[in-house]
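# Structural description and commentary
Spelled out, the chains give:
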Amino acid sequence: MAVRLRYILNMDSSSSSSSSSSSGSGSSGSSRSSASSSTVTKLIQREARKRMCKVPGCFLNNIEKLKEYSGRNFKHNKEELAQKIYALLNHTVFDGKLPEKIEIIWNKKMLRTAGLCTTHEIQQPKRQRCAKISISLKVCDSADRIRDTLIHELCHAASWLLDGIRDSHGISWQYYAKKCNSVHPELPKVTRCHNYTIHYKIYYECMLCKYRIGRYTRSLNTERFICARCKGHLVLLPLFRKDGTPIVPYVRPFAKYVQENYRAVFNSTAGISHGNVMKRLSKDYFASKQKANP
């Protein structure tokens, strides 16, 4: 497809240059240019039609844009989403040969790996192959990532449950991966490794080379650790959302009042306990609030 488009575009440019250099052939050059451009448009439309899903009721394309699986609704509905995707793929790709339900675990400790398929076999009371899928909560933070990761891991599960083969990304896995893309051509190609940009909550930056280190918590002690590239000093960056906008931390009014007045109350009374300080601060805070809003 790319070669054909490139060839036509080259023809288009050569025809336009020849028409401009030759005299008296302007109308023929413009007609050839319009014909070639229309051919390119037809090829693009034909390729788009090939990538359209023909499965009735398929919801996998642009799943991250659906209201029930985006924004705040994503966290509440991700388990339902995973089971719906599994049921659909089991019907369309694996011909209903996989179990009716599969165990899906949401793993908090997988920091860079998107998913993992664990297979085993039980002997009692009946010899049976089993599989379970783990999905990273840290990496798979959107509906499309859950979809693509689940497809990848289901190819591993089908390779073991249906064929009895544990060959990592071998011939059996490749067969099911190609079948997924042929049945659902609108989806990204099923690959061996993901290329997701991991969204860390915390970032540290080197003051010299500007290299950034991502963390999920403030676990990096900048007094002990330095940049591994240039030995520079690390500083904690302000918090940012996924879209790049800064996060302004919200401090509750009472917490701010405690920060401003705790030391004064503690030093004013000798031997006072922390609990009594907080009681006095709470009483004074609500008294000041009633004066402000009588």
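Residue numbering note: each chain is counted from 1, following its sequence as written. The predicted origin of the model limits local features to residues at a pLDDT of at least 70 and limits the giving and counting of side-chain atom pairs to 80 or more, whereas totals for whole chains, interfaces and linings rest on all residues. Only hydrogens and water are set aside when side-chain values are computed; all heavy atoms of the structure are taken into account.

With that out of the way, let us pick up helix α7 (residues 274-292). Two residues of an α-helix separated by three or four positions point the same way, owing to the 3.6 residues in each turn. In a regular helix each residue adds 1.5 Å, so 19 residues correspond to 27 Å; α7 covers 27 Å between its end C-alpha atoms and thus fits that length. Each residue's exposure class comes from its accessible area (1.4 Å probe, protein chains only) as a fraction of the maximum for that residue type: buried when under 20%, exposed when over 50%, partly exposed otherwise. Working definition: helices are DSSP H or I runs of at least four residues, strands are E runs of at least two. Numbering for both runs from the N terminus. Those residues of α7 lying buried are V277, L281 and Y285. All buried residues of α7 project into a common sector of 65° when viewed along the axis, lining one side. Opposite the buried face of α7, at more than 90 degrees from it, the exposed residues are K279, K283 and Q290. Those residues of α7 hidden inside the fold are in contact with α6 (253-268). Helix span, expected: 1.5 Å multiplied by one less than the number of residues in the helix. Summarising the geometry, the arc corresponds to the directions from the helix axis toward the C-beta atoms. By the convention used here, residues are in contact when the closest approach between their heavy atoms is within 4.5 Å.

Any two strands with at least two DSSP-identified bridges between them are counted as paired. Pairing is antiparallel in the open sheet, where 3 strands are placed in the order β5-β4-β6. Among the strands making up the open sheet, the edge pair consists of β5 (212-215) and β6 (234-236). If you compare each strand with its neighbour and ignore which way they point, the axes differ by 25° on average. Pairing analysis gives 3 bridges linking strand β4 (residues 202-206) to β6, with the strands arranged antiparallel. Bridge pairing links C206 to L234 in β6. To obtain each axis, a line is fitted to C-alpha atoms, and for helices this fit is confined to the stretch in contact; angles are then taken between N-to-C directions over 0 to 180 degrees.

To continue, consider the confidence of the model for the protein. One number per residue, pLDDT, summarises how confident the predictor is, and it ranges from 0 to 100. A residue-level look at the protein finds 82% of positions with pLDDT of 70 or above and a mean pLDDT of 83. The element-level mean pLDDT for the protein is lowest in helix α1 (residues 2-21), coming to 39, with helix α4 (residues 143-161) highest at 95. Across residues 1-27 the pLDDT falls below 50, and counting only partners more than four positions away or on other chains, this stretch makes 19 contacts in the model.

Membership of the largest hydrophobic core comes to 44 residues, with the highest contact counts inside it found for I85, L89, F94, I135, L150 and L154. Considering each element in turn, this core owes the most residues, 10 residues, to α4. When neighbours within four sequence positions are excluded, I85 is seen to be in contact with F59, L60, I63, R147 and L150. Buried Ala, Val, Leu, Ile, Met, Phe, Trp, Tyr and Cys residues form a nonpolar core when they are joined through side-chain atoms within 4.5 Å.

The working definition used for a salt bridge is a side-chain nitrogen of Lys or Arg within 4 Å of a carboxyl oxygen of Asp or Glu. Under the counting rule described, the total for this entry stands at 5 salt bridges. A salt bridge links D141 to R145; the nearest nitrogen and oxygen atoms lie 3.5 Å apart. Each of the two residues, D141 as well as R145, counts as buried.

Quick look at the packing of α4 against helix α5 (residues 171-183) now. It is the contact of α4 with α5, at a shortest axis distance of 8 Å, that shows an interaxial angle of 130°. Relative to α5, α4 is oriented oblique. α4 and α5 meet at a crossing whose hand is right-handed. In this structure, α4 contributes I151, H152, C155, H156, A158 and S159 to the contact, and α5 contributes S172, W173, Y176, A177 and C180. Angles are sorted into four bins: roughly parallel if under 35 degrees, roughly antiparallel if over 145, roughly perpendicular if 65 to 115, and oblique for all others. Working rule for handedness: look at the near helix, and if it is turned counterclockwise from the far one by less than a right angle, call the crossing left-handed; if clockwise, right-handed.

Below, the discussion takes up the side chain of T149. Among the structural elements, T149 can be located in helix α4. Here Y196 takes part through its side chain, which lies 3.5 Å from a polar atom of the side chain of T149. If near-sequence neighbours (up to four positions away) are discounted, T149 is found in contact with A114, G115, C140 and Y196. Two N or O atoms form a polar contact when they lie within 3.5 Å of each other; inside protein one atom must be a possible hydrogen donor and the other a possible acceptor, and for residues adjacent in sequence the pair counts only when both atoms belong to side chains.

A few words on unusual backbone geometry. Here the amide bond leading from Q124 into P125 is cis, since omega sits at -10°, within 30 degrees of zero. Its location among the elements puts P125 in the loop between β2 (115-122) and β3 (128-136). Unlike most non-glycine residues, N62 shows phi in positive territory, near 55°. On the secondary structure map, N62 appears in the loop between α2 (26-50) and α3 (73-92). Positive phi, close to 65°, is recorded for K231, a residue that is not glycine. Relative to the helices and strands, K231 is located in the loop between β5 and β6. We classify K231 as exposed; its relative accessible area is 59%.

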